[in-house]
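Analysis of the macromolecular model
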Amino acid sequence: MARKTGMRKGLTSYGDEGFALFLRKAFIKAMGYSDDALDRPVIGIADTFSGFNPCHRTAPDLVAAIKRGVAMAGGLAVEFPTVSLHESFAFPTSMLYRNLMAMDTEEMLGALPMDAAVMIGGCDKTVPAQLMAAASANIPSLIVVTGPMMTGDYHGERLGACTDCRRLWGLHRAGEIDADEIDAIGGRLMPTAGTCMVMGTASTMACMTEALGMMLPGGAAIPAVMADRLRHAEASGVRAVAMAKEGLTPDRIMTPQAFSNALRVLLAIGGSTNALIHITAVAGRLGIEVDLDSFDAMGRETPVLVDLKPSGTGYMEDLQKAGGLTPVLREIRDLLEADALTCTGRSLGDNIDAAPAGWAQDVVRPRTDPVYAEGGIAVLRGNLCPGSAIIKQSGASPELMKHSGRAVVFDSLDDMAERIDDPGLDVNADDVLVLRNAGPKGAPGMPESGYIPIPKKLAKKGVRDMVRISDARMSGTAFGAVVLHVCPEAAIGGPLALVRAGDRITLDVPARRLELEVSEEELAARRAEWSPPPAQAERGYKRLHLDHVTQADEGCDLDFLAQRPFTAKAPV
Ligand code: FES
């Protein structure tokens, strides 16, 4: 039987297909379409505009450009809404709702009669959710991102969200910037539409999506307000029609080789730690396991090449002026799986060859002169993190990469908020700050609270970095000697739950170790006394999350959405 396409696809179940098609067409004619339009390939556009999502302010312009491209190629573009998430407008954390957005998007891709989809992502959780949805729905799909903001300035200093937000807030906490000035700075940090303009999670996911082959080449770094951004969206509309005709589905693009390329790029750009969780979840939708030890080994041979904050000095508009992601791909071409198929219908290697020649620039460094000699992210093992933990070593103080100190323990986010600035807190600069019950189940939703603030009394003495350990995440725009994603998390009885104030903890990043210097007997005794914290959700989606969310090393997906057992591994 011929595959049903366009408006004939997925007819509503009335038990009478002819009637269902008649009724669908009758209804959609109320939108003003002709029969000619309704007979064309239908390209769905996931429109994530939301008044609560400033990172997606330009989504209406992108919808118009994608529609123009679809029409130019002879298709019919139909936009539809999905959940839209912004980092600062989702309580308690946007991560709690990433899987909800993925479910919503996946179900709409399957339920609505479209032959291909173009999804407008941008802010941190949106692109991961859309890739997860594309992987599971498996209809031809492309990602278009809103693109990064331009930089702002304050009294002559160039500023960008949100690395500078955190740095300047730290100075405010230390008493070096007063309340009026920090307010004024707050008005200068986000000067245009778009996503955070450092190499935070949004920029990282955009670069990885291009490397993965799910975005047309050249799309990762174009600032949101530039005309090229619209031309890229238009080209994506054109290409989506061709992909619909070719039947180029995500499972043919998102292979273990493609995930290897995305992971390699994550390391080379000094990308966000969050992206590791997200790409693990996307791969998990296709039965592909991200092997953290192989990823760590990959990191030892992949230097950080992109000189952008928080690992370096520049901003995304600088990367775009340097040629976008292409010069990065060129520089590590021999380390990539160049034969991996991409959404262009050609391989990643072919795309690199087809890109315009490079030019002299100093944002993407040669491998002989990297920003950081190893990959940005290291994977840790040890008795405190039997499942794994990670650290963004490229954004940490080098002198803290081998450190042993006394634990100062916070039992929860509330506990931390209550005591961190208490002048009576027993804490020194050499101590190790520990935050627990902030993981996928514990908080719940694994908020970006791993960037534990330096206690005010130490900040005022000039302390700018300390070893910090948690089962939480950290914003991709943050920096410091911050150990994250400790697995298993404390709320399910991971060893982090057993740490007591004054215990000695040793971090050795070169050796990839994280150890709690307490005997096995003592830990067993503490475990016998431990009881889990009370569950924090009684109903609705939060209940579903608590009952089914997996740990960080499995991508924090809901267990029934991931494809198991694994059938392949990445990196290859
Ligand atoms: Fe949207 Fe940073 S808050 S990308």
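As a starting point, this report considers the structure included with it. (Residues numbered from 1 in each chain as written. Predicted model: local features only at pLDDT ≥ 70, side-chain atom pairs only at ≥ 80, totals over all residues. Heavy atoms only, no water.)

Side note on the overall build of the chain
How we decide: For helices the rule is a DSSP run of H or I covering at least 4 residues; for strands it is a run of E covering at least 2, with both sets numbered from the N terminus onward. With C-alpha atoms as the basis for the radius of gyration, the globule rule is written as 2.2 Å multiplied by the number of residues raised to the power 0.38. Contact definition: two residues touch when any of their heavy atoms are within 4.5 Å. Note that accessible areas follow from Shrake-Rupley with a 1.4 Å probe, and for residues the cover is restricted to the protein chains shown.
Secondary structure summary: the chain contains 20 helices and 16 strands in total. In terms of C-alpha radius of gyration, the chain reaches 24 Å, essentially the compact-globule figure of 25 Å for 572 residues. If you line up the chain on its principal axes, its C-alpha atoms span 75 × 55 × 50 Å. Taking as baseline every contact in the chain between residues at least 6 positions apart, the subset at least 24 positions apart corresponds to 75%. Taken as a whole, the chain presents about 21400 Å² of accessible surface, with 53% of it coming from carbon and sulfur.

A look at the packing of helix α5 (residues 126-137) against helix α8 (residues 201-212)
Spelled out, the test is: A fitted line through C-alpha atoms serves as each axis, taken over the contacting stretch for helices, and the angle formed by two N-to-C directions is quoted from 0 to 180°. In this scheme, roughly parallel covers angles under 35 degrees and roughly antiparallel covers those over 145, while 65 to 115 is roughly perpendicular and the rest are oblique. A crossing counts as left-handed when the near helix is turned anticlockwise from the far one by less than a right angle, and as right-handed when that turn is clockwise. Classification convention: Asp, Glu, Lys, Arg as charged; Ala, Val, Leu, Ile, Met, Phe, Trp, Tyr, Cys, Pro as nonpolar; all other residues, Gly among them, as polar.
At a closest axis distance of 9 Å, the pairing of α5 and α8 adopts a crossing angle of 30°. With respect to α8, the axis of α5 lies roughly parallel. You can see that α5 and α8 cross each other, and the crossing is left-handed. Across from Val127, Pro128 and Leu131 in α5, the residues of α8 making contact are Met205, Thr209 and Leu212. Of the residues that constitute the contact of α5 with α8, the class distribution is five nonpolar, one polar and no charged.

Thoughts on the pattern of salt bridges
Selection criterion: Salt bridges, as used here, are contacts in which a Lys or Arg side-chain nitrogen is within 4 Å of a carboxyl oxygen on Asp or Glu. Relative accessibility decides the category of a residue: with a 1.4 Å probe and only protein chains considered, values under 20% of the type maximum give buried, values over 50% give exposed, and everything between is partly exposed.
According to the stated counting rule, one finds 43 salt bridges in the structure shown. Of the charged contacts, one joins Asp465 and Arg468 as a salt bridge, the two residues approaching to 2.7 Å between their closest N and O atoms. By the burial criterion, Asp465 is buried, and Arg468 matches it. Connected via shared salt-bridge partners are Arg500, Asp503, Glu522, Arg526 and Glu529.

What about the nonpolar core?
Basically, it comes down to this: To form a nonpolar core, buried Ala, Val, Leu, Ile, Met, Phe, Trp, Tyr and Cys residues must be joined to one another through side-chain atoms within 4.5 Å.
Leu131, Leu212, Met254, Phe259, Leu263, Leu276 and Leu319 are the most contacted members of the largest nonpolar core, which totals 109 residues. The element that contributes the greatest number of residues to this core is helix α11 (residues 256-268), accounting for eight residues. In this view, Leu263 contacts Leu276, Ile279, Val290, Phe295, Met298, Ala570 and Pro571; residues no more than four positions away in its chain are not counted. By size, the runner-up hydrophobic cluster in this structure holds 30 residues, among which are Leu384, Cys385, Ile391 and Leu400.

Examining unusual backbone geometry
Between Ala443 and Pro444 the backbone carries a cis peptide bond, its omega angle lying at -10°. As for its position among the elements, Pro444 is in the loop between β11 (432-435) and α18 (456-459). Put simply, Cys487 and Pro488 share a cis peptide bond, and its omega is -10°. Among the secondary structure elements, Pro488 is positioned in the loop between β13 (482-487) and β14 (504-508). Although it is not a glycine, His155 sits at a positive phi angle of roughly 50°.

Remarks on the packing of aromatic side chains
Worth spelling out the cut-off: Here the aromatic set is Phe, Tyr and Trp, taking the six-membered ring for Trp, and pairing holds for ring centres within 6.5 Å; pairs whose planes are under 30 degrees apart are stacked, those over 60 apart are edge-to-face, and all others are tilted.
Going through the model one piece at a time under the given rule, you end up with five aromatic pairs. Here Tyr14 and Phe19 contribute two aromatic rings whose centre-to-centre distance is 5.5 Å and whose plane-to-plane angle is 65°, an arrangement assigned as edge-to-face. A relative accessible area of 35% places Phe19 in the partly exposed class. Arranged with centres 6.4 Å apart and planes meeting at 40°, the rings of Phe19 and Phe22 form a pair that is tilted. Taken together, the residues span about one helical turn, with Phe19 and Phe22 both in helix α1 (residues 17-28) at a distance of three residues. Ring-pair connections join several aromatic residues into one group, and the members of that group are Tyr14, Phe19 and Phe22.

What to know about empty space enclosed by the protein
To locate leftover empty space, one rolls a probe as large as a water molecule over the atoms. The cut-off we apply is this: Of the grid points, spaced at 1 Å and generated over the protein atoms alone, those admitting a 1.4 Å probe that cannot get out make up cavities, while open sets with protein on both sides within 12 Å along at least five of seven lines make up pockets; any residue with an atom within 4 Å of a point is treated as lining. Grid points are joined across faces, edges and corners, and a volume is the space filled by probe spheres set on the points.
This structure, assessed with the given rule, holds four cavities of 30 Å³ or more. Considered as a void within the structure, the largest cavity measures approximately 90 Å³ in volume. Contributing to the lining of the largest cavity are Glu210, Gly213, Met215, Leu216, Pro217, Thr326, Leu329, Thr342, Leu348, Asn351, Ile352 and Ala355. Top element by residues in the lining of the largest cavity is helix α16 (residues 348-354). It accounts for three residues. Size it by volume and the second largest cavity reaches roughly 70 Å³. Around the second largest cavity sit Leu276, Ile277, Thr280, Leu292, Ser388, Ile390, His485, Cys487, Ala552 and Asp553, which together line it. Those elements that provide at least two residues to the lining of the second largest cavity are α12 (274-284), β9 (388-392) and β13. Ranked by residues supplied to the lining of the second largest cavity, first place goes to α12 with three residues. For the lining of the second largest cavity, a count of residues per class yields six nonpolar, three polar and one charged.

Remarks on the sheet that holds strand β4 (residues 141-145)
What holds strands together in a sheet is hydrogen bonding between their backbones, with the strands either parallel or antiparallel. Formally: For two strands to pair, DSSP has to find at least two bridges joining them.
As summarised here, the arrangement of the four strands in space is β2-β1-β3-β4, forming an open sheet in which the pairing is parallel. Because the sheet does not close on itself, it has two edges, and the strands there are β2 (76-81) and β4. Shown here is a sheet whose adjacent strand axes are inclined to one another by a mean of 25°, direction ignored. Where strand β3 (residues 116-121) lies against β4, five bridges are found, and the strand directions are parallel. Residue pairing across strands places Gly121 opposite Val145, the latter belonging to β4. Its contacts with the sheet place helix α9 (residues 227-246) against β1 (42-47), β3 and β4, and it is angled at close to 175° to β4.

Notes on α1
Convention followed: For a helix, the expected span equals 1.5 Å multiplied by the residue count minus one. Any pair of nitrogen or oxygen atoms within 3.5 Å is treated as a polar contact; in protein, a donor-acceptor pairing is required on top of that, and neighbouring residues in sequence qualify only through side-chain atoms on both sides.
Relative to the 16 Å expected for 12 residues at 1.5 Å per residue, α1 spans 16 Å between its end C-alpha atoms, a close match to the ideal helical length. In this structure, the buried residues of α1 make contact with α2 (35-38). Capping of α1 at its N-terminal end is provided by Asp16; its side-chain oxygen lies 3.2 Å from the backbone amide nitrogen of Gly18.

Some details on α5
In a regular helix each residue adds 1.5 Å, so 12 residues correspond to 16 Å; α5 covers 16 Å between its end C-alpha atoms and thus fits that length. With 10 of 12 residues buried, α5 lies mostly within the body of the structure. Taken as a whole, α5 has its buried residues at Thr126, Val127, Pro128, Ala129, Gln130, Leu131, Met132, Ala133, Ala134 and Ala135. Positioned one or two residues after α5, Asn138 has a phi angle of 55°, which is positive.

Here's the deal with the pairing of β2
Which entries qualify depends on this criterion: The handedness rule is simple: strands pointing away from the viewer, and a clockwise path from the first strand over the helix to the second, make the crossover right-handed.
By the bridge criterion, six bridges tie β1 to β2 in an arrangement that is parallel. Each bridged residue has a counterpart across the sheet, and for Gly44 the counterpart in β2 is Val78. Once the chain exits β1 it traverses helix α3 (residues 59-72) before rejoining the sheet at β2, and the crossover so formed is right-handed.

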